[in-house]
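Letter by letter, the chains look like this.
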Amino acid sequence: EIDPSQADTLPSNFPPNLTKIIGEDGSLYYFFDSYAPRVQATMDYLKAHTTAKEGIYAFPFAFRYNFLLNRATPLDFGPVLWAAAAPPAAQTRLVAEMEAKPPKYIVFNEAENRDFSGVPWSDRFPKVINFIYQNYHIEQQIDTHLILRYGPQPGPDWEITASPLSTMDNSNLDLMRRIGLA
C-alpha cells in the first residue's frame, strides 16, 4: 500500500510511464500514461452525471469504475469476467435482470481487452448485446469508451459529443453501426 502523502513520487519498482489516479475513497491507482486520460475523463463524466448512490455497470470488462468511484454494480449478476462465450443461460439471466432494473449507464469498451481470435466480444454475447442495442443509446464517447444511457435517444436537438469516427479505434464501430451512429 502506498502512503497518499508520498503519491507524487512514483515507487521505484514501478515503470516510469504511469499516471496516478485517486479513487473516490482516496485510494491510489496507477495507469499507463497513454490510458490514464480516458480513465480520468470517464470517471469525471460518471461523477458529474450520477449520484454517489447510483451503481455503475460496465460491459464487457471495464468494471474498474466500480472501484475507482467506490460504487457497487447495480445488478446482482455483478462484474463478471466472461469466458470466451457466455453460456446462453447466463446471458438470459443477465438480460432478465437488466430488464427488471436497468442500469442508468453502461460503460462499454471492448477495445481494452481485444479478442485475438478475430471475433468481437460483442458477438460472443448476442442476447446481452441485443438488449443493449434495443434499450440504450450512446450519450458520450471518451476515446474508446462508450457511455451508454438507458432509454430512447433524445430528440433532434440532442448532440453526441464524440470523436470523429476516423480518429477512433475500429473495435467499437460495430456497436455504433448497430445503434445507427456510423
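Residues numbered from 1 in each chain as written. Predicted model: local features only at pLDDT ≥ 70, side-chain atom pairs only at ≥ 80, totals over all residues. Heavy atoms only, no water.

Participant: What exactly am I supposed to notice about the environment of T42 here?
Facilitator: Topologically, T42 is positioned in helix 1 (residues 36–49). On a C-alpha basis, the gap between T42 and Y65 in space is 8.4 Å, while along the polypeptide they are 23 residues apart. Not counting residues within four places of it along the chain, the set of residues in contact with T42 comprises Y65, V107, I142, H145 and I147. (Helix = DSSP H or I, 4+ residues; strand = E, 2+ residues; numbered from the N terminus. Contact = heavy atoms within 4.5 Å.)

Participant: In this structure, what is going on with helix 1? I would like to understand it.
Facilitator: Owing to its 3.6 residues per turn, the α-helix aligns residues three or four sequence positions apart on the same side. A rise of 1.5 Å per residue sets the reference length of helix 1, with its 14 residues, at 20 Å; its end C-alpha atoms lie 20 Å apart and thus fit the reference within 8%. Within helix 1, burial applies to A36, R38, V39, T42, M43, Y45 and L46. Elements in contact with the buried residues of helix 1: strand 1 (18–22), strand 2 (28–32), helix 2 (64–68), strand 4 (105–109), strand 5 (136–142) and strand 6 (145–150). (Expected span 1.5 Å × (residues − 1). Buried < 20%, exposed > 50% of the residue type's maximum accessible area, 1.4 Å probe, protein only.)

Participant: Is there a simple way to explain the sheet that holds strand 3 (residues 57–60) in this structure?
Facilitator: Hydrogen bonds between backbone atoms are what pair the strands of a sheet, whose relative direction is either parallel or antiparallel. The four strands are arranged 3-4-6-5 in an open sheet whose pairing can be described as mixed. A single partner strand is all that each edge strand has here, and the edge strands are strand 3 and strand 5. On average, adjacent strands in this sheet sit at an angle of 30° to one another, irrespective of strand direction. The pairing of strand 5 with strand 6 spans six bridges and is classified as antiparallel. Residue Q140 lies in a different strand from strand 6, and its bridge partner there is I147. (Pairing = 2+ DSSP bridges. Axes fitted to C-alpha atoms, helices over the stretch in contact; angles between N-to-C directions.)

Participant: Can you help me understand the pairing of strand 4 in this one?
Facilitator: Two faces belong to every sheet, and in a regular strand the side chains alternate between them. Among the five residues in strand 4, five count as buried, and that is most of the element. Along strand 4, one buried face is formed by Y105, V107 and N109 and the opposite face, lined by I106 and F108, is buried too. Judged from the four bridges that link them, strand 3 and strand 4 form a sheet pairing that is parallel. By the bridge assignment for strand 4, A58 is matched with V107.

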